[in-house]
Amino acid sequence: MRLDHVERGLENLQRDFPLQARISNEPELIQRTYTQILRFWIVKSNPPSAQHFPEAALRRLIALDAVVSSAEGLGAYPFSAKETSIRVAHGKHRPTFAMCAVDALAIPLFWKSLVRLESRCHACGVGIELDLGPCVDSPCAVDAPFVFMHFLNRQTRTEHPACSGLCTAIYFLCPDCARNLIDAVYTLQEAQCIGQMFFAFQTTLLQAFPERQENGS
């Protein structure tokens, strides 16, 4: 694993989408509401309804691009309420969708289990299927996919949220399509490491705000 490559990728991702910095600067009510939405996703694997959370806190989280509101419910990176090209499933959890490739690689950390990931190569459309665990020990098989990350050099906000901007430029590539790309391409292990470090602050929040009676239905 190219540690310097991983470090630069993480820095670029945090620059374009400073999610941790935004949440860390918010008052307790905002952080607690955010954590409740995340926990709902982790436990139930489906989007919670907006009506079960404080309206003012939810508006703030949407403005921060920490939560995405849609007809399907509330999405919270890495979990997408809307259907995407990346599907993640596990026997104990109903199938769900990830916002982007790096997000999908972080989900096993929250479920603490092996997951089945299904997607396709962004360039040629060939199917991609793999089993992925919570540890950064991704398979080194010849046919393991790569992850392409194109950074937009602009910070996400409500007017151009990450889910419809930055995330569309972070996707899986098959080995053949990734062959001649260097700087913007990451091995599966490198991308999983970036994803887990990017979302590590969420684990800290889940510990800081222990589970109470769950909101939503």
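You'll find the structure just up there.
A short tour of the structure in this document, coming up. Everything quoted here is computed from the prediction, not taken from an experiment.

Further remarks concern the sheet that holds strand β10 (residues 185-186). The antiparallel open sheet is built from three strands, whose spatial order is β9-β8-β10. Both edges of this open sheet fall to β9 (170-173) and β10, since each of them pairs with a single strand only. By the bridge criterion, two bridges tie strand β8 (residues 146-149) to β10 in an arrangement that is antiparallel. Each bridged residue has a counterpart across the sheet, and for V147 the counterpart in β10 is Y186. Its contacts with the sheet place helix α5 (residues 101-111) against β8 and β9, and it is angled at close to 85° to β9.

In this section: helix α7 (residues 188-198). In terms of burial, α7 is a largely internal element, nine of the eleven residues being buried. The complete set of buried residues in α7 reads L188, E190, A191, Q192, C193, I194, G195, Q196 and F198.

In terms of nonpolar packing, the biggest core is built from 69 residues, with L19 and Y34 touching the most fellow members. Element by element, the count of residues in this core is highest for α5, at eight residues. With near-sequence residues (within four places) excluded, L19 lies in contact with Y34, D65, A66, Y77, F198, F199, F201 and Q202.

With that out of the way, let us pick up helix α1 (residues 3-16). With 14 residues, α1 should reach 20 Å at 1.5 Å per residue; the first-to-last C-alpha distance of 20 Å fits that figure. Looking at the packing, one finds that the buried side of α1 touches α5, β8, β9, β10 and α7.

All right, on to the packing of aromatic side chains then. Counted according to the given criterion, the structure contains eight aromatic pairs. Taken together, a centroid distance of 6.3 Å and an interplanar angle of 55° make the contact between F79 and F110 tilted. On the criterion of sequence distance, the pair formed by F79 in strand β3 (residues 79-80) and F110 in helix α5 is long-range, its members being 31 residues apart. Here F198 and F199 contribute two aromatic rings whose centre-to-centre distance is 4.9 Å and whose plane-to-plane angle is 85°, an arrangement assigned as edge-to-face. Looking at F198, the relative accessible area reads 4%, which means it is buried. The class for F199 is buried, based on a relative accessible area of 0%. Every member of this aromatic cluster is reached through a ring pair, and the members are F17, Y77, F198 and F199.

If you add up the space inside the largest pocket, you get close to 420 Å³. What lines the largest pocket is a set of 23 residues, among which T84, S85, M99, C163 and T168 lie closest to the centre. Where the lining of the largest pocket is concerned, the elements lending two or more residues are β1 (67-70), β6 (115-120) and β9.

Relative to each other, helix α3 (residues 28-44) and helix α8 (residues 200-208) sit at 105°, their axes nearing to 10 Å. On the basis of the axis angle, α3 is roughly perpendicular to α8. Touching Q31, Y34, T35, L38, R39 and I42 of α3 are F201, Q202, L205 and L206, all from α8.

What follows concerns the side chain of E26. Mapped onto the elements, E26 comes out in the loop between α2 (19-24) and α3. Polar side-chain contacts of E26 include one of 2.9 Å to the side chain of R60. Not counting chain neighbours up to four residues away, the residues in contact with E26 comprise Q31, R60 and L64.

For Q202, the location among the structural elements is in helix α8. It is 9.3 Å that separates the C-alpha atoms of Q202 and Y34, two residues lying 168 residues apart in sequence. Look past the residues within four positions of Q202 in its chain and what remains in contact with it is L19, Y34, L38, Y77, P78 and F110. In this structure the side chain of Q202 is engaged in a polar contact, spanning 2.9 Å, whose partner is the backbone oxygen of Y77.

Looking now at unusual backbone geometry. That bond from Y77 to P78 is cis: its omega, 15°, falls within 30 degrees of zero. Relative to the elements of secondary structure, P78 occurs in the loop between β2 (73-76) and β3. Despite not being glycine, D65 has its phi angle at roughly 60°, a positive value. Along the polypeptide, D65 turns up in the loop between α4 (55-63) and β1. Residue classification places D65 among the buried positions, given a relative accessible area of 1%.

What counts, and at which threshold
Residues numbered from 1 in each chain as written. Predicted model: local features only at pLDDT ≥ 70, side-chain atom pairs only at ≥ 80, totals over all residues. Heavy atoms only, no water. Pairing = 2+ DSSP bridges. Helix = DSSP H or I, 4+ residues; strand = E, 2+ residues; numbered from the N terminus. Contact = heavy atoms within 4.5 Å. Axes fitted to C-alpha atoms, helices over the stretch in contact; angles between N-to-C directions. Buried < 20%, exposed > 50% of the residue type's maximum accessible area, 1.4 Å probe, protein only. Core = buried A, V, L, I, M, F, W, Y, C linked by side-chain atoms within 4.5 Å. Expected span 1.5 Å × (residues − 1). Phe/Tyr/Trp six-rings, centres within 6.5 Å; stacked < 30°, edge-to-face > 60°. 1 Å grid on protein atoms, 1.4 Å probe; cavity = no way out; pocket = protein on both sides within 12 Å on 5 of 7 lines; lining within 4 Å. Points joined across faces, edges and corners; volume = space filled by probe spheres on them. Parallel < 35°, antiparallel > 145°, perpendicular 65-115°, else oblique. Polar contact = N/O pair within 3.5 Å; in protein donor to acceptor, adjacent residues only side chain to side chain.

Geometry only, nothing functional implied.
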